[in-house]
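Structural overview
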Amino acid sequence: MVPWGAMLWRRLLRKRWVLGVVFGLSLVYFLTSTFKQEERMVRDRNLLQVQEHEQPIMWKVKFSSGNSSQLSNQCRNSVQGKLLITDELGYICERKDLLVNGCCNVNVPSTKLYSCESCLPNGCCSVYEYCVSCCLQPSKQHLLERFLNRAAIAFQNLFMAVEDHFELCLAKCRTSSQSVQHENTYRDPIAKYCYGEYPPELLPV
């Protein structure tokens, strides 16, 4: 024999208004939970943005006091140039004048220190190696520090990876989205390697 309570429950469930109430309560619970979750996500996102703006990026770039600080007989250099090479001391030389230790031969007349040849006053150069050599001037340290302090979050991953003045200049002088307009045209097709604070001015369309 079916218990009286069970029979009453079955009869109630057959009534449409009861089903409507159950459905309504379920819908209210779902909407409330969704709203609270969205509110929590927005609050967390806003908190993260505030923290990002309040806390300065901890750059780890180390600046040297010039080429006199080199302690070893080995040099890192810009590697890629077919004709010219810049070493980490700031010397630029022809590839044929590069010594086996990676340093430019300073006894060759054509080797230059901190050369800004092919560079414009805005810090953009037509030759990558001259850009790096000019950027390595000790006097450029304050300019580079100002750039790092204003660097957008988009550049954080790139410049957080560099550890010293030389690596910063290598990275800064490489062409990037700052050097192009409309994603396929150089802002300045001649002076496209920039160590300066700002990208080249946009060319007229």
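Just so you know, these numbers come straight off a predicted model, no measurement behind them.

Focus on the overall build of the chain
Looking only at helices and strands, the chain features 6 helices and 7 strands. The N-to-C order of helical and strand elements in the chain reads α-α-β-β-β-β-α-α-α-α-β-β-β. When burial is assessed residue by residue, the chain has 34% of its 205 residues classed as buried. Considering only intrachain contacts with a sequence separation of at least 6, the fraction spanning at least 24 residues in the chain is 50%. Total accessible area computed for the chain in this model is approximately 14000 Å², and 59% of it derives from carbon and sulfur atoms.

What about the nonpolar core?
Of all hydrophobic cores here, the largest spans 25 residues; its most connected members are Val-132, Cys-173 and Tyr-195. For this core, the secondary-structure elements that each account for two or more residues are α3 (128-135), α4 (141-150) and α6 (165-173). Apart from residues no more than four positions distant in its own chain, Cys-173 is found in contact with Tyr-128, Cys-131, Val-132, Cys-135, Tyr-193, Cys-194 and Tyr-195.

Digging into α3
The buried fraction of α3 amounts to 8 of the 8 residues, a majority that puts the element mostly inside the structure. For α3, the set of buried residues is Tyr-128, Glu-129, Tyr-130, Cys-131, Val-132, Ser-133, Cys-134 and Cys-135.

Let's talk about the packing of α3 against α6
Between α3 and α6, the least distance of the axes is 9 Å, while the angle of their chain directions is 140 degrees. The angle between α3 and α6 falls in the class oblique. With respect to the hand of their crossing, α3 and α6 are arranged in right-handed fashion. On α6, the residues touching Tyr-128, Cys-131, Val-132 and Cys-135 of α3 are His-165, Phe-166, Cys-169, Leu-170 and Cys-173. Class assignment of the residues belonging to the contact of α3 with α6 gives a composition of 8 nonpolar, 1 polar and no charged.

Examining the environment of Asn-77
Mapped onto the elements of the fold, Asn-77 is located in the loop between α2 (16-54) and β1 (84-86). Given a relative accessible area of 15%, Asn-77 falls into the buried group. Considered as a pair, Asn-77 and Phe-166 are 89 residues apart in the sequence and their alpha carbons are 8.8 Å apart. A polar atom in the side chain of Asn-77 sits 2.9 Å from the backbone nitrogen of Val-79.

Thoughts on the pattern of salt bridges
A full pass over the atoms with the stated rule returns 6 salt bridges. Between Arg-76 and Glu-88 there is a salt bridge, with its nearest N and O atoms 2.8 Å apart. One end of the pair, Arg-76, is in the loop between α2 and β1; the other, Glu-88, is in the loop between β1 and β2 (91-94), with 12 residues separating them in the sequence. Its relative accessible area of 18% is what places Glu-88 among the buried residues. By relative accessible area, Arg-76 is classed as partly exposed at 31%. By sharing partners, the salt bridges in this structure join Arg-76, Glu-88, Asp-164 and Glu-167 into a single network.

Remarks on the pairing of β2
Here β1 pairs with β2 via 3 bridges, running antiparallel. Within β2, the position partnered with Ile-85 by the bridge is Cys-93. Connecting β1 to the next strand, β2, in antiparallel fashion are 4 residues, including Gly-90 with a positive phi near 100 degrees.

Structural notes on the confidence of the model for the chain
For the chain, the average pLDDT comes to 75, and 60% of its residues sit at 70 or higher. Across residues 50-56, where pLDDT falls below 50, the model places 0 contacts with residues more than four positions away in sequence or in other chains. Scored below 50 in pLDDT, residues 179-185 shows 12 contacts in the model against residues more than four places distant or in partner chains.

Section: the state of the cysteines
Under the definition given, this model contains 7 disulfides. In this model, Cys-116 is linked to Cys-134 through a disulfide, with the two sulfur atoms separated by 1.9 Å. Disulfide Cys-116 to Cys-134: torsion about the S-S bond roughly 80 degrees, handedness right-handed. Taken together, the residues span a long stretch of sequence, with Cys-116 in the loop between β3 (112-113) and β4 (124-125) and Cys-134 in helix α3 at a distance of 18 residues.

Thresholds, definitions, all that
Residues numbered from 1 in each chain as written. Predicted model: local features only at pLDDT ≥ 70, side-chain atom pairs only at ≥ 80, totals over all residues. Heavy atoms only, no water. Helix = DSSP H or I, 4+ residues; strand = E, 2+ residues; numbered from the N terminus. Buried < 20%, exposed > 50% of the residue type's maximum accessible area, 1.4 Å probe, protein only. Contact = heavy atoms within 4.5 Å. Areas by Shrake-Rupley, 256 points an atom, 1.4 Å probe, with all protein chains shown as cover. Core = buried A, V, L, I, M, F, W, Y, C linked by side-chain atoms within 4.5 Å. Axes fitted to C-alpha atoms, helices over the stretch in contact; angles between N-to-C directions. Parallel < 35°, antiparallel > 145°, perpendicular 65-115°, else oblique. Left-handed = near helix turned anticlockwise from the far one by under 90°. Nonpolar A, V, L, I, M, F, W, Y, C, P; charged D, E, K, R; others polar. Polar contact = N/O pair within 3.5 Å; in protein donor to acceptor, adjacent residues only side chain to side chain. Salt bridge = Lys/Arg side-chain N within 4 Å of Asp/Glu carboxyl O. Pairing = 2+ DSSP bridges. pLDDT = per-residue confidence, 0-100. Disulfide = S-S within 2.5 Å.

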